[in-house]
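# Observations on the model geometry
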Amino acid sequence: MNSKTKLKLKPPIDILMTFALLLLMSYELLGSTAHEVVGVAMFVLFVVHHALNINWAKHLTKGRQTPIRIFQNILVLLVLISFVGSIVSGVIVSRHLFTFLNIKSTYAANRIHMLSAYWGFIFMSLHLGLHFNMILLMIKKKKQLSPKVRTVFKIIFILIFAYGIYAFFKRDIASYLFLKNQFFLLGDNEHLLLYLFDYMSIMFSFATLSHFVFSILKSNTKSGS
């Protein structure tokens, strides 16, 4: 596969992975069967994603290890660990697709699956923030966007960021990250679209935080070079 084809495939694969991740966080609303199907799809997308970025992986330890590269590498490693944890524990606790393996579900596997899922969500959200520069550059290159329109974009971004922080506490995500809640809890009359919007906003907030950290590290690297 040539480099041009890889470049064309990367954006849709990343978008599908992001959407699949949001659906996976909607376990109770999606249903256990659909959750497992999306999980398998996520695994396939994850493998394709890394296959498309194999050249980056080959050069992971080569060259100067700047603070930016270390930050990126740590995030990638954390995403990988959480993803492997989700996949392995997911197969063990499977109620549908992998029952033919006759693996007995355990309490520990359920806890590992929850930890891997929620920490993986946070790590992947932070990882997405590393690509915000490309998105912002694409917006800036749009000459037809007037200063007023750009201001509107900034206001929208700020509002989504603020709502994401609110949604993080509203959904009590910290209790899942530290296993204070060991069961998925949903409010009465919960709607899938609102649930997805909440998690999308949380993802946006963490991606924004990561982007700011990345920008600071980049600025310090330039000033120190």
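Let me sum up the structure you'll find in this document. (Residues numbered from 1 in each chain as written. Predicted model: local features only at pLDDT ≥ 70, side-chain atom pairs only at ≥ 80, totals over all residues. Heavy atoms only, no water.)

### A word on the nonpolar core
- Grouped together as the largest cluster of nonpolar side chains are 37 residues, with contacts concentrated most on Met-42, Tyr-118, Phe-121 and Tyr-199.
- For this core, the secondary structure elements donating two or more residues are helix H1 (3–24), helix H3 (32–52), helix H5 (67–93), helix H6 (107–129), helix H8 (147–170), helix H9 (173–177) and helix H10 (192–224).
- Discounting chain neighbours no more than four positions away, the residues touching Tyr-199 are Leu-22, Met-25, Tyr-118, Phe-121, Arg-171 and Ile-173. (Core = buried A, V, L, I, M, F, W, Y, C linked by side-chain atoms within 4.5 Å. Buried < 20%, exposed > 50% of the residue type's maximum accessible area, 1.4 Å probe, protein only. Helix = DSSP H or I, 4+ residues; strand = E, 2+ residues; numbered from the N terminus. Contact = heavy atoms within 4.5 Å.)

### Considering unusual backbone geometry
- For Asn-102, which is not a glycine, the phi torsion comes out positive at approximately 55°.
- Even without being glycine, Asp-172 reaches a positive phi, approximately 55°.
- Along the chain, the position of Asp-172 falls in the loop between H8 and H9.
- Taking the relative accessible area as the measure of exposure, Asp-172 reaches 36% and is therefore partly exposed.

### Section: the packing of H5 against H6
- Look at H5 against H6: their axes get within 8 Å of each other, and the N-to-C directions meet at 150°. As far as their axial angle goes, H6 and H5 are roughly antiparallel. Handedness of the crossing formed by H5 with H6: left-handed. Along the contact surface, H5 presents Leu-75, Val-76, Leu-78, Val-79, Ser-82, Gly-85, Ser-86, Ser-89, Gly-90, Ile-92 and Val-93, while H6 presents Ala-109, Asn-110, Ile-112, His-113, Ser-116, Ala-117, Gly-120, Phe-123, Met-124, Leu-126 and His-127.
- Taken together, the residues of the contact of H5 with H6 sort by class into 12 nonpolar, 10 polar and no charged. (Axes fitted to C-alpha atoms, helices over the stretch in contact; angles between N-to-C directions. Parallel < 35°, antiparallel > 145°, perpendicular 65-115°, else oblique. Left-handed = near helix turned anticlockwise from the far one by under 90°. Nonpolar A, V, L, I, M, F, W, Y, C, P; charged D, E, K, R; others polar.)

### Some details on the pattern of salt bridges
- For the coordinates displayed, the defined rule picks out 3 salt bridges.
- Put simply, Asp-198 and Lys-170 hold a salt bridge, and the shortest N to O gap is 3.0 Å. Taken together, the positions of Asp-198 in helix H10 and Lys-170 in helix H8 put the pair 28 residues apart, joining distant regions of the chain.
- Given a relative accessible area of 0%, Asp-198 falls into the buried group.
- Measuring nitrogen to oxygen at the nearest pair gives 2.9 Å for the salt bridge that ties Asp-198 to Arg-171. Placement of the pair is Asp-198 in helix H10 and Arg-171 in the loop between H8 and H9, with a sequence separation of 27 residues. Of the two residues, Asp-198 and Arg-171, neither departs from the other in class, the shared state being buried.
- In this structure, a network of salt bridges that share partners links the residues Lys-170, Arg-171, Glu-190 and Asp-198. (Salt bridge = Lys/Arg side-chain N within 4 Å of Asp/Glu carboxyl O.)

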